[in-house]
Amino acid sequence: MQQHFKDKQQIWSNLAEFHEKTQHWRFSEFVRLNIGQLETDFRQIQNSCTLLKLNFKYSDLILDFLMSEIGKFATYLPLILTLGNVDLRPRHWTQLLPLLGVNQNFALNEILGAELQMERISEISSVASSEYLIQSQLDQIQSKWEHLEFDIQFSDNKYKYRF
């Protein structure tokens, strides 16, 4: 019986935590959210509730409600993670903001219907990641070549290069 009350307490604790966090996630300015932490916190609550659901011997309306809310929020996670791509630069946001129908200070709550544009949003985010990879490779090449000195001499109708 004592375990039953601990499980009930955990359900209510998860419900309160999920409510508090989703309010923060939905209404804070999106660019100020720590997307990695958001995903970690969400997965932690989701896993805790899933374990409770598996171990709970009785039907529980609150747990069912919480699992339903977690399921709804989980559908937004791909959009959140795609828009949370750290490789997105201002030039990419110039393309994304009109798709989302918001200004640059938007909150998650304002874009939750944007899954319809997910293909194009994913494409822009993917391009941003590719561009970032190319730029970092170019930066590495530049930093290696910056300190090299080249000496080019012409003799015997040939160019000779020395580093």
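Focus: the environment of Q104
Here comes step 1: Relative to the assigned elements, Q104 resides in the loop between α5 (90-100) and α6 (118-145).
Here comes step 2: According to the relative accessible area criterion, Q104 is exposed, its value standing at 56%.
Here comes step 3: Considered as a pair, Q104 and W93 are 11 residues apart in the sequence and their alpha carbons are 8.0 Å apart.
Here comes step 4: In this structure, Q104 is in contact with E29 and L97, ignoring residues within four places of it in sequence.

What to know about the pattern of salt bridges
Here comes step 1: For the structure on display, the rule yields seven salt bridges.
Here comes step 2: The salt bridge involving D60 is made with K8; its shortest N-O contact spans 2.3 Å. Of the two residues, D60 sits in the loop between α2 (35-55) and α3 (61-74) while K8 sits in helix α1 (residues 2-27), which places them 52 residues apart along the sequence.
Here comes step 3: The exposure class assigned to D60 is buried, which follows from its relative accessible area of 4%.

Structural notes on the side chain of D87
Here comes step 1: With respect to the helices, strands and loops of the structure, D87 is situated in the loop between α4 (77-83) and α5.
Here comes step 2: Buried charge without a salt bridge: D87, with R89 as the nearest opposite-charge side chain at an N-O distance of 4.9 Å.
Here comes step 3: Polar side-chain contacts of D87 include one of 3.2 Å to the side chain of S129.

A short note on the nonpolar core
Here comes step 1: Formed by 37 residues in total, the largest nonpolar core has its most connected members in F30, F73, I80, L83, W93, L100 and I111.
Here comes step 2: Those elements that provide at least two residues to this core are α1, α2, α3, α4, α5 and α6.
Here comes step 3: Considering each element in turn, this core owes the most residues, six residues, to α2.
Here comes step 4: Aside from chain neighbours lying at most four places away, what touches F30 is I35, I80, L83, G84, W93, F106, A107 and L108.

What about α5?
Here comes step 1: Residues of α5 that are buried: H92, W93, L96, L97 and L100. Around the axis of α5, the buried residues are gathered within 130° of arc, so they sit on the same side. Seen from the open side of α5, the exposed residues pointing more than 90 degrees away from its buried face are T94 and P98.
Here comes step 2: Those residues of α5 hidden inside the fold are in contact with α4 and α6.
Here comes step 3: Two residues or fewer after α5 comes G101, characterised by a positive phi angle close to 75°.

So, the confidence of the model for the protein
Here comes step 1: Considering every residue of the protein, the mean pLDDT works out to 89; 94% of them sit at 70 or more.
Here comes step 2: For the protein, per-element mean pLDDT is lowest for strand β2 (residues 158-162), which scores 62, and highest for α3, which scores 95.

Thresholds applied
- Residues numbered from 1 in each chain as written.
- Predicted model: local features only at pLDDT ≥ 70, side-chain atom pairs only at ≥ 80, totals over all residues.
- Heavy atoms only, no water.
- Helix = DSSP H or I, 4+ residues; strand = E, 2+ residues; numbered from the N terminus.
- Buried < 20%, exposed > 50% of the residue type's maximum accessible area, 1.4 Å probe, protein only.
- Contact = heavy atoms within 4.5 Å.
- Salt bridge = Lys/Arg side-chain N within 4 Å of Asp/Glu carboxyl O.
- Lys, Arg positive; Asp, Glu negative; His and termini not counted.
- Polar contact = N/O pair within 3.5 Å; in protein donor to acceptor, adjacent residues only side chain to side chain.
- Core = buried A, V, L, I, M, F, W, Y, C linked by side-chain atoms within 4.5 Å.
- Arc of directions from axis to C-beta.
- pLDDT = per-residue confidence, 0-100.

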